[in-house]
Amino acid sequence: MKTLFDGLHFCGADISRNGRRRGSFVSRSAWVLSLIAVIGAATLGSHAADTAPAGNDLRGILPATVPADLSDAIESLPESWKPWGAELSATLATLFGGQADAAGQRQAIASLRTKLKTVRNSIADSRYHMMTEQLVGLHGSLKRRADVAEAILDTLEASGAAKTAQSGVELAKPVSFVAANPALRQNLTALATAIESYESTRNSTAAGAVRKAFDDVRRSAGDGGSKITEAVTSSYLNYNMRMVVSEKFLNRFMAQKRNDEGPVDDCILGAKVDGCQITMTDVGVDLQSSPNTVRFDITLSGVTNSNTQGVTPQATIFTQGYHQFWAAKQIDFNGDTFATSPARISVNANNTTTGATTKFSDVPLLGKIVEGIAVGAAKKKRPQSEAIAASRVEDRVVPELDSEVNKEFEMSNQNMESRVIGPFKELGLYPDARAFSTTDDRMLASTRLMHASELGGSRPLRTSASDDGATIYVHDSLLNNAIDHMNVAGKTMTEDELKTLIEQRISKLLGKPMKLPASAKSDEADNSPKTLVFAKEDPIRLHATNNQLILTLRTGFKTKDGDEIPTQVISTPINFSIQGDNVILERGNIEVSAAVKPEGAGVAKQIANAGVIRKKIETALPRREIDRHAVVTRDRLKLTVSLASVKAVDGWLVFWLN
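Just so you know, these numbers come straight off a predicted model, no measurement behind them.

## Structural notes on the side chain of Asn480
Looking at the element boundaries, Asn480 is found in helix 14 (residues 476-484). Judged by its relative accessible area of 2%, Asn480 falls in the buried class. At 2.8 Å, the side chain of Asn480 and the backbone nitrogen of Leu542 are in polar contact. For Asn480, the residues in contact, after removing those within four places along its chain, are Arg202, Ile540, Arg541 and Leu542.

## Some details on helix 10 (residues 226-236)
Taken together, the buried positions of helix 10 are occupied by Ile228, Ala231, Val232, Ser234, Ser235 and Tyr236. Around the axis of helix 10, the buried residues are gathered within 165° of arc, so they sit on the same side.

## As for the environment of Thr233
Looking at where Thr233 falls in the secondary structure, it is placed in helix 10. Residue Thr233 is classed as partly exposed on the basis of its relative accessible area of 32%. Each C-alpha atom of the pair Thr233 and Leu455 lies 9.5 Å from the other, and the pair is 222 residues apart in sequence.

## Overview of the side chain of Thr552
On the secondary structure map, Thr552 appears in strand 17 (residues 548-559). Apart from the residues lying within four places of it in its own chain, the contact partners of Thr552 are Pro539, Ile540, Arg541, Val569, Ile570 and Ser571.

## Quick look at the confidence of the model for the protein
Low pLDDT marks regions whose predicted coordinates should not be analysed in detail. Of the residues in the protein, 86% reach a pLDDT of 70 or more, and the chain-wide mean stands at 85. Below pLDDT 50 for its whole length, residues 1-53 participates in 43 contacts with residues either more than four positions away or in separate chains. Across residues 164-175 the pLDDT falls below 50, and counting only partners more than four positions away or on other chains, this stretch makes ten contacts in the model.

## Quick look at the environment of Gln320
Its location among the elements puts Gln320 in strand 7 (residues 315-333). As a C-alpha pair, Gln320 and Thr352 span 32 residues in sequence and 5.2 Å in three-dimensional space. Setting aside anything within four residues of it in sequence, one finds Gln320 in contact with Ser306, Asn307, Asn350, Asn351, Thr352 and Thr354. Separated by 3.4 Å, the side chains of Gln320 and Asn307 make a polar contact.

About the criteria used
- Residues numbered from 1 in each chain as written.
- Predicted model: local features only at pLDDT ≥ 70, side-chain atom pairs only at ≥ 80, totals over all residues.
- Heavy atoms only, no water.
- Helix = DSSP H or I, 4+ residues; strand = E, 2+ residues; numbered from the N terminus.
- Buried < 20%, exposed > 50% of the residue type's maximum accessible area, 1.4 Å probe, protein only.
- Polar contact = N/O pair within 3.5 Å; in protein donor to acceptor, adjacent residues only side chain to side chain.
- Contact = heavy atoms within 4.5 Å.
- Arc of directions from axis to C-beta.
- pLDDT = per-residue confidence, 0-100.

Below is the structure:
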């Protein structure tokens, strides 16, 4: 972006080593103005030197203390990890509130990279299986901070280098663009502060502050913010839903076996051929490597067995056919539509002549001789007959495959528009970014639901992938962005009205009615809160961490008698476990606090309110058992899909299906 310095150009200005000036009056004037600007900035900087250093380092930009989530993660490490954790804490203290210069801070970041490698190696080590989720969470939090810190240093360094090079001025001590452009440090400080606020709260105000500071940094950075863009995009503007689906899992839905019987009525090599045939076919999916689409083949592999007789005036020839074929039709999906390619086929035909009859067959001795001659003549024509048989198989299979698959995916395209794209757009839930790819045995799909003032996901650490199942990653940013699009902020709603709203939205997305579990019935005389008065910002927030989904409500309440409880902040962890055929959802300890801290007599009233609300939440969120198996019906075939595992870690809900 252009600054005052850009406008001066420094056209032809130069100061030689012996101090002799060269260049035009404009150049010399520009040089004088630049010195004034630098001196002025340095003077301003000297007044704030104690609190906000103006150099190319992190002091005054990153928070003065190590983020609480990192400190807590280190503190929770088992005893055998304590020495390692102490080293990590010391390294973090160098970045957050330390006195190291840029070189020392880079050394600290390099040390963090080494620590991250240790964590990744431990995650892959079966000896640390019991603490995998704990290590994954630590890795994500640590890597995001290391990436952002290094990007800030790179941005400061690149900005200074860019402006020094642009000036064409050689000084004994190069002029610091950062010192002369305090807006850059201010914007970087605002970005780091907003990121830490978002890490701890997940609220929309912090998300909006991250987006604003991020834009400001890119405008003020000498390099256009390329380094900070890479770090922020990877950690906070990334896809917030990802799927990894194995080929074996897809084949469970697509695979079919078919048996088709029918007559043979043909004319081949001058013979009238009649008989019967049966074709046994396996239908499947074969994933194909593609960097930007979901690409797969619908495959048919099968065998046609036939028993025929070919009649000519000279003889009747009996033939058994065994024809193997493999056919495929390529499909590409770009996120909106399916595109099909023409089918292709390979046939291996095999005809065996099993006998013959002639008009001499009843004549002793002569009959066998003539039959042998007829069989020999038929065998000589075997290559021709097999080529014709292969052609007949191709003529039958290819049009059928093309017709059925084209029809199926034309219908799928119509359904995509009417049942997926349309409803998602109507509800404000259609992703703003998508990426699809396939390998020889995996389908990968990534999407992001994020609007201009919102944030997306991070880059999850995939510890493993199922060879025969599917893994779905859902980031809490997707859940929170979707909740915001429900537009309940600032609204007053009864429990039933909220339940109906959720049911309507889910039903629209599913394309069929959906009912939430019924709430426990309360006593008619019960005067507990029945109406919610949602806060204007972040009325409902979710955060996936430490194998819990933390539900935070910001809402006031009204009782049946009209009594009002001011806005409360209610935090409830929900724990997941799989026991037998069920997924168990259990509520943890409920924390209730007033959004505005009460004083005086209000303290006692708040204690009473908190008790009432806690009881209300306990009733609304009882222990639930949900069947972890779902039956999917396709072409009268019933398939069971089971939830094998569910984890909540580092902002992600991770579901394993098999």
